[in-house]
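Descriptive analysis of the structure
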Amino acid sequence: MKRRDFFRALGAVGVIPASAAQEASRRTAGLPPLTIREVKVIATSGGARYRWVFVKILTSEPGLYGIGSASNHFQTHAVMAALERHAAPYLVGKNPDRIEDLWQAMHLRTYWRNGPVNNNVVSAVDMALWDIKGKRAGMPVYELLGGKVRDAVPCYDHAGGNDRESAVESVQRSMANGYRYIRVQLGPYGGGGFIPAGQGSRPEGGHAGPAFDEELYVETIPKLFDYVRAKVGFEPKLCHDVHSHLTGMNAVEFSRRMQPYQMFFVEDVLPPEQIAWYKHIRQVTTTPQAVGELFTHPFEYLPLITDRLIDFVRCRVSAVGGITQAKKIATLCEVFGVKTAFQEGGDNDPVNQLAAYHVDISSPAFGIQEENHFPDSVREMMPGMGEIRKGYLYGSDKPGLGIDIDERLAAKYPLQPITDGSPYPLDRTLDGALVKP
Ligand code: MG
């Protein structure tokens, strides 16, 4: 290597981060302490069906702001009101550098804590504060969390179909797109366990739609995976989401019957109210368990992790308290040999996806990340959003979270009116009783 090239190479690895740090200290030298000037709430449909709520925290330093995700598809306006009327007045004037202290204060400020709405609020503020700190440091958030421990974040794809043949074709498409980890469903959540509309023995004048039946589900889904494994072999790592549709011993029996198909995991075989059953599952099968996209309170995941009753914790970052809490959960998982599989899903947004990314890529306890794809309207509205290529999620590597929001475009896509109260769609059994989602 020529002498000039050698020093150029040195500059590429050494001088640029140093100058970024110098730039950060130059920009802040002699300035009064940083304060939060304004907390903006930005709600948007993203030009699609979304009900996204973002927070934008502006600081006393011109041009320095952070964004966070508070999206809650089912209580959208409650989260917006909590941010606008309670969180914003509390935060203005405070020091955004004190992330942990503000997290604790935001968590305790409501007196009653760990509820989903305030967790969304705390999460959004937390993400925005990490975004601000990263921008000040001139570093991506994952650098502040300890740096990369992997090169990119593996994601699992969503595959499925209404019959076993189309499910196999869908799995093969995922494999062709470069995915190693693939979730396979038979139609909608609970699919494989539905007695068709109008069929079966039903009460007079009662529920007429498709009716969920646990034993039918336990019978059908293992046969689906028997077929899928016969067609695609054992190379792809397969998952399946039960979406809390089973109770007690049926969840145990389902997990046992899935063992021959060497699942990467089965997800939420039980609702969060029934976590005590996991110790019974552990006694009869090694089928890995992924649990907890509905968890909001540490007491829900704490015993499952510390007793090693599950293999993956599935929390949504914006539902448990943002980057600060997700990093703590990941560290707890690391100590007990459990892994993370942070939840995404169709209603989630690109800011939350990147918040998960920064924890995923810097955490030894990482197991897998759920994928999430967005339409072109969102890519235009949110420059810097993550990209999934051949089964891996990549961040932008820009300082902070690495993503921005075009407020003009967000305003062009306002929230659609909610006329039905926005309930989560609930299934029922033949006799008309609700099934836990
Ligand atoms: Mg799920």
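From a predicted model like this one, the values you see are computed outputs, not experimental measurements. As a convention, each chain's residues are numbered from 1 in the sequence order in which they are written. Only residues with pLDDT of at least 70 get local features here, since the model is predicted, and only at 80 or more are side-chain atom pairs given and counted; chain-wide, interface and lining totals rely on the full set of residues. Think of the side-chain values as coming from all heavy atoms in the structure, minus any hydrogens and water.

Describing the pattern of salt bridges
One side-chain nitrogen of Lys or Arg within 4 Å of one carboxyl oxygen of Asp or Glu is enough to make a salt bridge. For the structure shown, the criterion picks out 22 salt bridges. Across the salt bridge formed by E407 and K56, the nearest N and O atoms sit 2.6 Å from each other. Taken together, the positions of E407 in helix α15 (residues 407–412) and K56 in strand β2 (residues 52–59) put the pair 351 residues apart, joining distant regions of the chain. Given the relative accessible area of 8%, K56 is considered buried. As a salt-bridge pair, R164 and E165 come within 3.4 Å of each other at their nearest N and O atoms. For R164, a relative accessible area of 41% puts it in the partly exposed group. Within this structure, R183, D241, E267, E293, R314 and E370 form a network of salt bridges that share partners. Here a strand is any run of E in DSSP of at least two residues, a helix any run of H or I of at least four, and the numbering for each starts at the N terminus. Burial status follows relative accessibility: with a 1.4 Å probe on protein chains alone, a residue under 20% of its type maximum counts as buried, one over 50% as exposed, and anything between as partly exposed.

Here we look at the domain arrangement of the protein chain
An automatic or database domain assignment provides the domain bounds reported here. The domain architecture assigned to the protein chain consists of domain 1 (15–144) and domain 2 (153–400). Centre-to-centre, using C-alpha coordinates, domain 1 lies 29 Å away from domain 2. At the junction of the two partners, domain 1 supplies 34 residues and domain 2 supplies 36 residues. Between domain 1 and domain 2, the buried area comes to about 2600 Å², and carbon and sulfur atoms account for 59% of it. Here domain 1 is connected to domain 2 by one salt bridge. Every residue pair with non-hydrogen atoms within 4.5 Å of one another is taken to be in contact. Accessible-area loss on putting two parts together, using a 1.4 Å probe and summing over both, is the definition of buried area adopted here.

Section: empty space enclosed by the protein
Where empty space is left becomes clear once a probe the size of a water molecule has been rolled over the atoms. Only protein atoms enter the calculation, which uses a 1 Å grid: trapped sets of points that fit a 1.4 Å probe without letting it out are cavities, open sets showing protein on both sides within 12 Å along at least five of seven lines are pockets, and any residue with an atom within 4 Å of a point is a lining residue. Grid points are joined across faces, edges and corners, and a volume is the space filled by probe spheres set on the points. Per the counting criterion, the structure on display carries one cavity of 30 Å³ or more. Considering only enclosed or pocket space, the largest cavity measures out at about 50 Å³ in volume. Every residue along the wall of the largest cavity is listed here: S244, D268, L270, P271, P272, I275, Y278, V291, G292, E293, L294 and F295. Class assignment of the residues belonging to the lining of the largest cavity gives a composition of eight nonpolar, two polar and two charged. In this count, Pro and Cys sit with the nonpolar residues alongside Ala, Val, Leu, Ile, Met, Phe, Trp and Tyr, while Asp, Glu, Lys and Arg are called charged and the others, Gly among them, polar.

Brief notes about the nonpolar core
General note: in soluble globular proteins, nonpolar side chains tend to be found buried as a group. Side-chain atoms within 4.5 Å are what join buried Ala, Val, Leu, Ile, Met, Phe, Trp, Tyr and Cys residues into a set we call a nonpolar core. The biggest cluster of nonpolar side chains holds 116 residues, and the ones touching the most others in it are L83, F254 and Y278. With 10 residues, the top contributor of residues to this core is helix α4 (residues 116–137). Both of domain 1 (15–144) and domain 2 (153–400) provide at least three residues apiece to this core. Of all hydrophobic cores here, the second largest spans nine residues; its members include C239, F265, A290 and A341.

Quick word on the sheet that holds strand β1 (residues 36–44)
A pair of strands counts as paired when DSSP detects no fewer than two bridges linking them. Across the sheet, three strands lie side by side as β1-β2-β3; this open sheet has antiparallel pairing. Edge positions in the sheet fall to β1 and β3 (65–69), since each of these pairs with one other strand and no more. In this sheet, neighbouring strand axes are inclined to one another by 20 degrees on average, regardless of whether the strands run parallel or antiparallel. In terms of strand pairing, β2 meets β3 through five bridges, oriented antiparallel. Looking across to β3, one finds that V55 is bridged to G68. In this analysis, axes come from line fits to C-alpha atoms, helices being fitted only over the stretch in contact, and the angle between any two N-to-C directions falls in the range 0 to 180 degrees. Its contacts with the sheet place helix α13 (residues 350–360) against β2 and β3, and it is angled at close to 95 degrees to β3.

Topic: the packing of helix α3 (residues 99–108) against α4
Where α3 meets α4, the closest approach of the two axes is 10 Å, and the angle between their N-to-C directions is 165 degrees. Regarding the angle of α3 to α4, the classification is roughly antiparallel. In this structure, α3 crosses over α4, and the sense of that crossing is right-handed. Mapping the contact onto sequence places I99, L102, W103, M106 and H107 in α3 and N118, V121, V122, V125, D126, L129, W130 and K133 in α4. An angle counts as roughly parallel when it lies under 35 degrees, as roughly antiparallel when it exceeds 145, as roughly perpendicular when it falls between 65 and 115, and as oblique in every other case. Should the near helix be turned anticlockwise from the far one by less than a right angle, the crossing is termed left-handed; should it be turned clockwise, right-handed.

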